[in-house]
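# Inside the fold
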Amino acid sequence: MIISEIKSFLEEKRSIVERALDQYFPKGGKYGKRVLDASLYSLKAGGKRIRPILCLMGYELYKPNSEDILPFACGLECIHTYSLIHDDLPSMDDDDLRRGKPSCHKAFDEATAILAGDGLLTLAFELFTHQDLIKRVNPSAVIQAINKVAKAVGLKGMVGGQMADLLAEGKRGSLKKLHWIHKHKTVAFIEASLVSGAILASAPKDEINILSRFGNKLGLIFQIVDDLLDLLGDEKTLGKPIKSDLKRQKLTYPSILGIEETKRITKELTNEALTNLEPLGERAKLLKDLTLYLSERMN
Ligand code: GRG
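Numbers given for residues are sequential positions, taken from 1 along each chain in its written order. Local features in a predicted model are, by the rule used here, given only for residues with pLDDT of at least 70; side-chain atom pairs are given and counted only at 80 or more, and totals for whole chains, interfaces and linings are based on all residues. Excluded from the side-chain calculations are hydrogens and water; all other atoms, namely the structure's heavy atoms, are used.

Moving on: the overall build of the protein chain. Starting at the N terminus, helices and strands are each numbered in turn, a helix being any DSSP run of H or I of at least four residues and a strand any DSSP run of E of at least two. The number of helices and strands found in the protein chain is 16 helices and two strands. Taking the principal axes of the C-alpha coordinates as reference, the protein chain spans close to 55 × 50 × 35 Å. For the protein chain, with 299 residues in total, the buried portion stands at 53%. With 44 positive and 40 negative side-chain charges, the protein chain shows a spacing of 2 Å between the two charge centroids. Note on exposure labels: buried denotes an accessible area under 20% of the residue type's maximum, exposed denotes more than 50%, and partly exposed covers the range between, all computed with a 1.4 Å probe on protein chains only. Under the counting rule used here, the positive set is Lys and Arg, the negative set is Asp and Glu, and His together with the chain ends is not counted. One atom stands in for each charge, and that atom is NZ of Lys, CZ of Arg, CG of Asp or CD of Glu.

Looking now at the packing of helix α15 (residues 259-277) against helix α16 (residues 285-295). Under this scheme, a helix contributes an axis fitted over its contacting stretch, all axes are lines through C-alpha atoms, and angles between N-to-C directions fall in the 0 to 180 degree range. It is at 10 Å that the axes of α15 and α16 come closest, and there the two elements cross at 175°. Considering the angle they form, α15 stands roughly antiparallel to α16. Taking contact as the criterion, the partners of Thr266, Thr270, Ala273, Leu274 and Leu277 in α15 are, on α16, Leu287, Lys288, Thr291, Leu292 and Ser295. Considering only residue class, the contact of α15 with α16 consists of five nonpolar, four polar and one charged. Working rule for angles: under 35 degrees goes down as roughly parallel, over 145 as roughly antiparallel, 65 to 115 as roughly perpendicular, anything else as oblique. Residue contacts are counted whenever heavy atoms from the two residues lie within 4.5 Å of one another. Side-chain classes follow a simple rule in which Ala, Val, Leu, Ile, Met, Phe, Trp, Tyr, Cys and Pro form the nonpolar group, Asp, Glu, Lys and Arg form the charged group, and the remainder, Gly included, forms the polar group.

Here we take up the nonpolar core. In summary, soluble globular proteins display a tendency toward joint burial of nonpolar side chains. Think of a nonpolar core as a cluster: buried Ala, Val, Leu, Ile, Met, Phe, Trp, Tyr and Cys residues, connected wherever their side-chain atoms sit within 4.5 Å. Ranked by size, the top nonpolar core spans 87 residues in total, and within it Phe72, Ile79 and Leu287 carry the most contacts. Among the elements that make up this core, the one with the highest residue count is helix α10 (residues 175-200) (12 residues). Excluding residues that lie within four positions of it along the chain, Leu287 makes contacts with Leu54, Met57, Leu61, Leu194, Leu211, Phe214 and Leu277.

The next point concerns the site of the ligand. If even one non-hydrogen atom of a residue comes within 4 Å of a molecule or strand, that residue is called near it. The local shell around the ligand holds 18 residues, among which Lys48, Arg51, His80, Arg99 and Gln223 are the closest. One of the side-chain nitrogen or oxygen atoms of Arg51 is found 2.8 Å away from an oxygen atom of the ligand. Nitrogen and oxygen atoms within 3.5 Å of one another constitute a polar contact, given that in protein one can donate a hydrogen and the other can accept it, and given that sequence-neighbouring residues count only through two side-chain atoms. A distance of 2.7 Å is found between an oxygen atom of the ligand and a side-chain nitrogen or oxygen belonging to Arg99. Coverage of the ligand by the protein amounts to 92% of the 690 Å² it exposes when considered alone. Elements with a minimum of two residues in the shell around the ligand: α4 (70-88), α9 (158-168), α10 and α11 (205-232). For the shell around the ligand, the element with the most residues is α4, which contributes six residues. When the residues that make up the shell around the ligand are grouped by side-chain class, the tally is five nonpolar, seven polar and six charged. Accessible surface area values rest on a Shrake-Rupley calculation with a 1.4 Å probe, where residue burial reflects the displayed protein chains alone.

Let's shift gears to the environment of Phe9. Relative to the helices and strands, Phe9 is located in helix α1 (residues 3-24). In this structure, the C-alpha to C-alpha distance between Phe9 and Gly119, residues 110 residues apart in sequence, is 31 Å. Apart from residues lying up to four places away in sequence, Phe9 is in contact with Ile53, Met57, Glu60 and Leu286.

The subject of this paragraph is the pattern of salt bridges. Throughout this description, the term salt bridge denotes a Lys or Arg side-chain nitrogen within 4 Å of a carboxyl oxygen of Asp or Glu. Inspection of the entire model under this criterion finds 27 salt bridges. Between Asp37 and Lys33 there is a salt bridge, and its shortest N-O distance comes to 3.0 Å. In this pair, Asp37 and Lys33 are both assigned in helix α2 (residues 33-43), four residues apart and thus about one turn of the helix distant. Given a relative accessible area of 33%, Asp37 falls into the partly exposed group. If you follow the salt bridges from partner to partner, you end up with Glu11, Arg14, Glu18, Asp22, Lys44, Arg49, Glu77 and Arg99 in one network.

Here Lys44 is to be found in the loop between α2 and α3 (50-60). For Lys44, a relative accessible area of 29% gives the class partly exposed. As a C-alpha pair, Lys44 and Asp22 span 22 residues in sequence and 8.7 Å in three-dimensional space. The contact partners of Lys44, leaving out residues within four places of it in the chain, are Glu18, Asp22, Arg49 and Lys101.

On their own, these measurements won't tell you what the molecule is for.
And the structure:
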């Protein structure tokens, strides 16, 4: 892999997503403008935009014109940003910094941050059904993609995972439980981001299954590296304080297995993810490079 190539690919896609977010974010707001300001503050505070980019990549495996699905990709980033805003609240992880800036409830206030998260989650469904998408993509594929994402982030997905994560704080836990938490809190959404793009492109069922298996591995790599960065990362690059998992006695891979074993598992998962992609041949080159890049990422 040539790092500069995948970096410039991600940068190019990131700026396409940023422009679309500006385009699709609602304007005005009159007496409720404060909640729009708070939502936009968090949405535009930076971030890698990995979920929308994965959606575009899933689509581009089958069709070239991924700008057709930008409203959908932006909806994914709205859901992700809502989850970060709520995760930072005092009643959850109580984090003052996010993406290098004061978190939403610090820059505004708690009630506004709750509403901003609610608003972004709802905006996602407006974007998933946006005219610009519906007129270009098969509506039954759109419904299938929405269903996939809704399941991944709902009660039996990210929300359930967050519940289990909060309940596990300060307690001894098994690897089995940790795996369940990661799978629901983080992995399902990453997998659904990639797979929804392929669904929107009407990809064949057997290849959707391949991408789903790969997406599950990639999501787990992403989360485990996040666990490692919390211990070993640089606060400036990460945009948030390190060792917060340790302070809150969170269940993480390093807390159960130690740093070296966690690194070994990350390598093993990376090889498995690359093997998952083999049936797709050369078409999967960018996904392979992304996997290697994310497994060695610094933020
Ligand atoms: C509040 C329902 C609810 C869920 C919160 C996403 C989440 C669940 C919590 C955030 C805490 C955390 C570390 C989750 C693991 C997933 C993860 C690595 C999130 C950060 O995502 P990035 O790295 O962030 O894509 P950027 O800022 O780049 O967008």
